[in-house]
Amino acid sequence: MIIVMDPSATEAQVADVVERLSRTGIRVLRLDGERVVLSTAGPAPGTESSPTTPVGTEAIADMPGVSATLNGDGATPMVAAPHATAAPEDEAWDPDNGAPTDAEERGFQVKDRWIGGAELFIAAGPCSVEDADTMDRTAAAVAAAGGAALRAGAFKPRSSPYSFQGMGETGLAIAHDAAAAHGLLLVSEVLDATQIPIAARYVDVLQVGARNMYNTSLLRELGRARRPVLLKRGLAATIDEWLSAAEYIVAAGNPRVILCERGIRTFETATRNTLDLNAIPVLRERTRLPVLVDPSHGTGRRVYVRPLARAAIACGADGLLVEAHPEPDRAASDAAQTVDLETMAQVVSEAEVMKRAIAR
Ligand code: PEP
Ligand code: MN
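Everything in this summary refers to the structure shown in the same document. What you see is a predicted model, and the numbers here were worked out from it, not measured in a lab. (Residues numbered from 1 in each chain as written. Chains lettered and ligands numbered in written order. Predicted model: local features only at pLDDT ≥ 70, side-chain atom pairs only at ≥ 80, totals over all residues. Heavy atoms only, no water.)

1. Quick look at the overall build of the protein
So, point 1. The number of helices and strands found in the protein is 11 helices and 14 strands.
So, point 2. Per-residue burial over the protein gives 54% buried out of 360 residues.
So, point 3. Contacts spanning at least 24 positions in sequence make up 67% of the contacts within the protein whose residues lie at least 6 apart.
So, point 4. Surface summary for the protein: the accessible area is close to 15000 Å², and the carbon and sulfur share equals 51%. (Helix = DSSP H or I, 4+ residues; strand = E, 2+ residues; numbered from the N terminus. Buried < 20%, exposed > 50% of the residue type's maximum accessible area, 1.4 Å probe, protein only. Contact = heavy atoms within 4.5 Å. Areas by Shrake-Rupley, 256 points an atom, 1.4 Å probe, with all protein chains shown as cover.)

This is how it looks when you write it as structure tokens:
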């Protein structure tokens, strides 16, 4: 459970809440920012398992100085998992955000779409925003194929400082216009906190790249953003570390986090990364957050994208993030793993077939 204190809460009120929780054997973590945020963090040292007397969120919510509580109803033990806010029992708390009203439901609303429900959420487009024509042709094809969103980076996290670094705000404007013209949402990456307000003017879903998954100050800032966040898994991050990164965003006030498996570094060199399909059922068990799979970065080679996209949906992924370009060999970045628009359309239609096959 996360407890957000009122900005005007007194130290005595904070201490009362901590005391109330601690009494039942729960360890409480405290974060001091504009407001004090308390988080339950597992049984206190020396306590073997979950507390025997769980405290309901309602009891805490009614205490003086408490502004909001996240997670669970009174009957749910608060500390079943280390990732309380992202656990399936959660009740999302921000009605503005189109949060789920039915406790059984997974996922949340992104503009007019639900992500994590019966429908798949497929975002496709070039690695980087290039010119308006490329973006428009791509967006038209994604919309015609039945995709939900255009993806394209304007701020690029390149391994070499001499590689193309992206078009910046100009690129965001181009991508925004292409997406809007074809009724698509736009997904694009931010590399640091200063880019959030700029990107938020154009982008529907803010992407955090694999290289930034551990950037906790960026994650905290995204917790204050009024946009869903697509959080890529770090290059060598465990699922626990990935969920903790998601927790940073949720705990800072933004419950709309989308997890995206994009492959991890292993000893295998035949592919750019090893796409960890295990992560999909693990995450479906451990969190209500929607899970996407990126078979492009996951494999690094365009011929492997279709089979891995099918496998991802078969394993229960809520959608895909795919790199696609009208002329993939000319893509400004990640050309080798970028599929052409015809292949992208096949990926989308095969995903729908897979969805029906598993009776999603
Ligand atoms: C991307 O989506 O283009 C990207 C840079 O991905 P990742 O952070 O997973 O490498
Ligand atoms: Mn890329």
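2. A short note on the site of ligand 1
So, point 1. Surveying the vicinity of ligand 1 reveals 13 residues, the closest of which are Arg151, Ala210, Arg211, Lys232 and Arg262.
So, point 2. At 3.0 Å from an oxygen atom of ligand 1 is found a side-chain nitrogen or oxygen belonging to lysine 156.
So, point 3. Arginine 262 has a polar side-chain atom sitting 2.7 Å from an oxygen atom of ligand 1.
So, point 4. Relative to its unbound accessible surface of 300 Å², ligand 1 loses 97% to contact with the protein.
So, point 5. Of all the cavities here, the one that holds ligand 1 is the second largest pocket.
So, point 6. Tallied by class, residues from the shell around ligand 1 come to three nonpolar, three polar and seven charged. (Near = heavy atom within 4 Å. Polar contact = N/O pair within 3.5 Å; in protein donor to acceptor, adjacent residues only side chain to side chain. 1 Å grid on protein atoms, 1.4 Å probe; cavity = no way out; pocket = protein on both sides within 12 Å on 5 of 7 lines; lining within 4 Å. Sits in = over half its atoms within 2 Å of the grid points. Nonpolar A, V, L, I, M, F, W, Y, C, P; charged D, E, K, R; others polar.)

3. Some details on the sheet that holds strand E14 (residues 319-323)
So, point 1. With parallel pairing, eight strands are arranged side by side around a closed barrel as E7-E8-E9-E10-E11-E12-E13-E14. Between one strand axis and the next, the sheet turns through 25° on average, direction left out of account.
So, point 2. As paired strands, strand E7 (residues 121-125) and E14 are joined by five bridges and run parallel to one another. The residue bridging alanine 124 from the neighbouring strand is valine 322, located in E14.
So, point 3. Across the face of the sheet, helix H7 (residues 239-251) comes into contact with strand E11 (229-232) and strand E12 (257-261) while running at roughly 160° to E12.
So, point 4. Contacting strand E13 (291-293) and E14, helix H10 (residues 305-314) runs over the sheet at an angle of about 165° to E14. (Pairing = 2+ DSSP bridges. Axes fitted to C-alpha atoms, helices over the stretch in contact; angles between N-to-C directions.)

4. Some words on the nonpolar core
So, point 1. Core analysis: the largest hydrophobic core is formed by 69 residues, its most contacted members being Leu222, Leu231, Leu259 and Leu320.
So, point 2. Top contributing element to this core by residue count: H7, with eight residues.
So, point 3. Residues lining this core come from more than one domain, with at least three contributed by each of domain 1 (2-70) and domain 2 (108-357).
So, point 4. Ignoring anything within four residues of it in the chain, the contact list for leucine 320 reads Phe121, Ile122, Ala123, Leu292, Val293, Ala309, Ala312, Ile313, Val347 and Ala351.
So, point 5. Grouped together as the second largest cluster of nonpolar side chains are 15 residues, Phe121, Ala123, Val205 and Cys260 included. (Core = buried A, V, L, I, M, F, W, Y, C linked by side-chain atoms within 4.5 Å. Domains from an automatic or database assignment.)

Honestly, that's just the spatial picture; any functional story needs more than this.
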